[in-house]
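Listed below, chain by chain, are the residues.
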Protein chains: 2
Amino acid sequence: MLKLTRKLEYALIALRHMQTKGKLLSTTKEISDIYAIPQELLAKTLQQMARLEYIDAVQGPHGGYRIHSTMLEISLTKFIEDLEGPMGMVDCSVTSDCIQLNNCNIRQPINRINDNIRSIFSRINLSDITH
Amino acid sequence: MLKLTRKLEYALIALRHMQTKGKLLSTTKEISDIYAIPQELLAKTLQQMARLEYIDAVQGPHGGYRIHSTMLEISLTKFIEDLEGPMGMVDCSVTSDCIQLNNCNIRQPINRINDNIRSIFSRINLSDITH
DNA sequence: TTATACCCGACTATAATAGTCGTATATAGT
DNA sequence: ACTATATACGACTATTATAGTCGGGTATAA
Ligand code: SF4
Ligand code: SF4
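Residues numbered from 1 in each chain as written. Chains lettered and ligands numbered in written order. Predicted model: local features only at pLDDT ≥ 70, side-chain atom pairs only at ≥ 80, totals over all residues. Heavy atoms only, no water.

## Re the packing of helix α1 (residues 6–20) of chain A against helix α4 (residues 76–84) of chain A
Residues and elements named next belong to chain A. Applicable threshold: The angle between two axes is taken between their N-to-C directions and runs from 0 to 180 degrees, where each axis is a line fitted to C-alpha atoms and a helix contributes only its stretch in contact. Per the convention used, a helix needs a DSSP run of H or I reaching at least four residues, while a strand needs a run of E reaching at least two, with both numbered from the N terminus. Any angle from 65 to 115 degrees is called roughly perpendicular, while one under 35 is roughly parallel, one over 145 is roughly antiparallel, and all others are oblique. By definition, any crossing whose near helix is turned counterclockwise from its far helix by less than a right angle is left-handed, and any crossing with a clockwise turn is right-handed. Note on definitions: a residue-residue contact is assigned when non-hydrogen atoms from the two residues lie within 4.5 Å. The residue classification treats Ala, Val, Leu, Ile, Met, Phe, Trp, Tyr, Cys and Pro as nonpolar and Asp, Glu, Lys and Arg as charged. All others, Gly included, are polar.
Contact geometry of α1 with α4 gives a least axis separation of 11 Å together with a crossing angle of 120°. Classified by the angle their axes make, α1 and α4 are oblique. When you trace α1 past α4, the crossing you get is right-handed. Contact with α1, carried on its side by K7, L8, A11, L12 and L15, involves F79, I80, L83 and E84 of α4 and no other residues of that element. When grouped by side-chain class, the residues that make up the contact of α1 with α4 number seven nonpolar, no polar and two charged.

## Examining the site of ligand 1
To be explicit about the condition: In these notes, residues near a molecule or strand are those with any non-hydrogen atom within 4 Å of it.
For ligand 1, the full set of nearby residues is V90(A), D91(A), C92(A), C98(A), Q100(A), L101(A), C104(A), R107(A), R6(B) and E9(B). Those residues lying near ligand 1 are distributed over chains A and B. The residue makeup of the shell around ligand 1, split by class, is five nonpolar, one polar and four charged.

## Notes on the environment of M89(B)
Our working definition: Each residue is placed in one exposure class: buried if its accessible area under a 1.4 Å probe, protein chains only, is under 20% of its type's maximum, exposed if it is over 50%, and partly exposed if it falls in between.
Counting through the fold element by element, M89(B) comes out in the loop between α4 (76–84) and α5 (107–123). Accessibility expressed as a relative area gives 2% for M89(B), which makes it buried. For the pair M89(B) and G64(B), spaced 25 residues apart in sequence, the C-alpha separation works out to 36 Å. In contact with M89(B), not counting residues within four places along its chain, are L2(A), K3(A), L4(A), F121(A), I113(B), N114(B) and I117(B).

Treat this as a map of the structure, not an account of what it does.
Below, the structure is given as structure tokens:
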């Protein structure tokens, strides 16, 4: 119920770590060691963030990642959905293939709550979490 | 991410349905038919809610369930946790066996957000959803 | 040319959720 | 008493989502 995935936590931990290092590069191994994160899993996540341009990748020896400057202004909503796909409290706030959809008596009230949560997450910036 | 379980949805649908019927009884079959909910699953959920005294059960033919009056003042937080156990965005807001716990750099900011969400859910009453 | 570190997709394992089944108990109506 | 209806309950299976692993690749500094 209402849980962040492990992947998102790892991503945030990594981002915050990189943030503290400014323009210096951080390697996957370095981060996975410090925070006891499975290296291969973190690697995939960092690669995904590189693709999304949340971070910049530098290949080769002495390579690594550093935070991409514009990342700071990203909302938590966008971050979560970029990494994990659409988020919503119920199916019908994302797709429209719920069997109950037509005669559902809680759709509206639930989606009102969903919008609330969403707008809270939208007002939170990644930089609020990573400092 | 951030999803209500199906069980909770079914529970809310059922509660709202019962709410509209006032003191009249509703049977599992009636509700599962109207909203296309798997009957056995709904049955279990209604039984659980009866145990929790969210609803009153009347056994035998012409039996069924009706809403328990005090239910109206229950918060969404309590409701969710009564039915599904403790809720939290991250493990450490519930237990303390996370490997990262000691050197985790996002624990505080995340738990601050978690507290926000929690307090929103606490201010929402079940009656806000079921009318 | 070698070692380091990113890149990528496919794979497996584990855990959470969703749904089913069998059996028992209560009770109204006959 | 008997029967039909409806709740009670636990164990079971199925399905899906999350978590984690593996194998083979590319870029590049030394
Ligand atoms: S239509 Fe109702 S049951 Fe279906 S996803 Fe929306 S809220 Fe849930
Ligand atoms: S300690 Fe950090 S990694 Fe562990 S659950 Fe809390 S926030 Fe997540």
